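Descriptive structure summary
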Amino acid sequence: MLLTKFDPMREFRDLEERLSSALNLPDTSSEFASFKPSVNTREGEYAYHIEVDLPGVKKDDIDVDIKDDVLTISGQRKTKKEVKEKDYYKMESSYGKFQRSFTLPDNVDTENIEANSKDGVLEVVIPKMERSKKETKKIKIK
């Protein structure tokens, strides 16, 4: 017997591919049609860190928002490459919106979150709050 891993979205992706080819839509998996930045997350002793690789994205084109304990990083990449030579001219443009969301744990200090962008990497530092250590309470069984 052959076992396969269940993928609930497989049928939707197959349908999207068939519709795209039938309607001659552009390939959305192309690097120019969409932009999916890679993200590294880590937990330090005093804070959580989120690092997002955003090459070619200006700091003014990035938004970091918090709503209902969800941190959302979004923005748009606009890239234009132009080559001018004696008898040759080439210009390539690419645009892509991106959005990544992270549900924050209960022990974060949302008032002191910091974000810094340098050399194409966005780092978001989410400080932890100290949890009050509660003693174990015995419940008497009646």
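Residues numbered from 1 in each chain as written. Predicted model: local features only at pLDDT ≥ 70, side-chain atom pairs only at ≥ 80, totals over all residues. Heavy atoms only, no water.

1. Structural notes on the pattern of salt bridges
Think of it this way: side chains of opposite charge can pair up when their charged atoms draw near. What counts, and what does not: Salt bridge, as used here, is a side-chain nitrogen of Lys or Arg placed within 4 Å of a carboxyl oxygen of Asp or Glu. Each residue gets one of three labels from its accessible area relative to the maximum for its type: buried under 20%, exposed over 50%, partly exposed in between, using a 1.4 Å probe on protein chains only.
Enumeration according to the criterion identifies four salt bridges in this entry. E51 is paired through a salt bridge with R42; the nearest N and O atoms lie 3.7 Å apart. Since its relative accessible area comes to 25%, E51 is described here as partly exposed. Owing to a relative accessible area of 44%, R42 belongs among the partly exposed residues under this scheme. The partner of E82 in a salt bridge is K84, and the shortest N-O contact between them spans 3.9 Å.

2. Considering the sheet that holds strand β6 (residues 114–118)
What counts, and what does not: Should DSSP find at least two bridges between two strands, the strands are taken to pair. By the criteria applied, helices consist of DSSP H or I runs no shorter than four residues and strands consist of E runs no shorter than two, each listed in order from the N terminus. With axes taken as lines fitted to C-alpha atoms, and helix axes fitted only over the stretch in contact, angles between N-to-C directions fall between 0 and 180 degrees.
Strand order in the open sheet made by the four strands is β1-β2-β7-β6, with antiparallel pairing throughout. Of all strands in the sheet, those bounded by a partner on one side alone are β1 (39–43) and β6. Shown here is a sheet whose adjacent strand axes are inclined to one another by a mean of 15 degrees, direction ignored.

3. Concerning unusual backbone geometry
When glycine is set aside, most residues are seen to have a negative phi, and most peptide bonds are trans. For D68, which is not glycine, the phi dihedral falls at a positive 55 degrees. Here D68 shows up in the loop between β3 (62–67) and β4 (70–85). Judged by its relative accessible area of 67%, D68 falls in the exposed class. Of note in this structure, D119 is not a glycine but carries a positive phi near 55 degrees.

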